[in-house]
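Architecture at a glance
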Amino acid sequence: MAIRRKISEADGLAAVTQVRQVFEGAENEYARAAAFAALPRGVRAASVRFLLEELATLAPGNSVEVRVPPFGVTQCIAGPRHTRGTPPNVVETDALTWCAITLGYTSWQESAAAISASGLRADLSDYLPLL
């Protein structure tokens, strides 16, 4: 079953383009973080949500919940479905890290300190980068 998109492809790609400019224009990780934080909240939110939707499209399913507070959450990867409470497979990270790993500016392994991942299916490195 295809996911229902909330961010149009045009809006998502436009936001991702602005985020890419931040990553490519920053001279170090501190400048990158400052420039990312300076982006309008709507741009950061649209890019995170679009990338979450891309992951859900690439790896459909309900066994892993990916959270990027405060912007979005999605379920992905085929496997046992959870219906109540906290799911057994959860990935949570901040927006800057999410954008960096999904766009290929850093790897899952390099960002491990900024990612909270629990459960057997919580390693998303096989699916990343997305774009």
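Presented here is a report on the structure given in the accompanying data block. (Residues numbered from 1 in each chain as written. Predicted model: local features only at pLDDT ≥ 70, side-chain atom pairs only at ≥ 80, totals over all residues. Heavy atoms only, no water.)

Turning to the environment of E110, a few remarks are in order. Tracing the backbone through its elements, the reader meets E110 in the loop between α4 (95–102) and β4 (115–118). Classification of E110 by relative accessible area gives exposed; the value is 61%. One polar contact links E110 to T106, side chain to side chain, over a distance of 2.9 Å. (Helix = DSSP H or I, 4+ residues; strand = E, 2+ residues; numbered from the N terminus. Buried < 20%, exposed > 50% of the residue type's maximum accessible area, 1.4 Å probe, protein only. Polar contact = N/O pair within 3.5 Å; in protein donor to acceptor, adjacent residues only side chain to side chain.)

Attention now goes to a positive patch on the surface. A contiguous patch of positive charge, built from R4, K6, R41 and R49, is present on the exposed surface. Relative to the helices and strands, K6 is located in the segment before α1 (9–25). (Patch = residues over 30% accessible without salt bridge, like charges linked within 9 Å, V, L, I, M, F, W, Y side chains within 5 Å. Areas by Shrake-Rupley, 256 points an atom, 1.4 Å probe, with all protein chains shown as cover. Salt bridge = Lys/Arg side-chain N within 4 Å of Asp/Glu carboxyl O. Lys, Arg positive; Asp, Glu negative; His and termini not counted. Charge placed at Lys NZ, Arg CZ, Asp CG, Glu CD.)

Let us now look at the pairing of strand β3 (residues 90–93). Both strand β1 (residues 64–68) and β3 contribute to a ladder of 3 bridges, which runs parallel. Bridging from a neighbouring strand, E65 pairs with V90 of β3. Here β3 runs beside β4; their pairing, made up of 4 bridges, is antiparallel. Bridge pairing in β4 links E92 to S116. (Pairing = 2+ DSSP bridges.)

All right, on to the layout of surface pockets then. Reported here for the second largest pocket is a volume of approximately 230 Å³. Forming the boundary of the second largest pocket are 13 residues, of which E29, R32, L96, T97 and S111 lie nearest the centre. For the lining of the second largest pocket, the elements supplying multiple residues, two or more each, are α2 (29–38) and α4. For the lining of the second largest pocket, a count of residues per class yields 6 nonpolar, 3 polar and 4 charged. (1 Å grid on protein atoms, 1.4 Å probe; cavity = no way out; pocket = protein on both sides within 12 Å on 5 of 7 lines; lining within 4 Å. Points joined across faces, edges and corners; volume = space filled by probe spheres on them. Nonpolar A, V, L, I, M, F, W, Y, C, P; charged D, E, K, R; others polar.)

To continue, consider the packing of aromatic side chains. Counted by the stated rule, this structure contains 1 aromatic pair. Ring geometry for F23 against Y105: centres 4.8 Å apart, planes inclined by 10°, an arrangement best described as stacked. Here the residue F23 occupies a position in helix α1, and Y105 occupies one in the loop between α4 and β4, the gap between them amounting to 82 residues. The partly exposed category is assigned to Y105, whose relative accessible area is 23%. (Phe/Tyr/Trp six-rings, centres within 6.5 Å; stacked < 30°, edge-to-face > 60°.)

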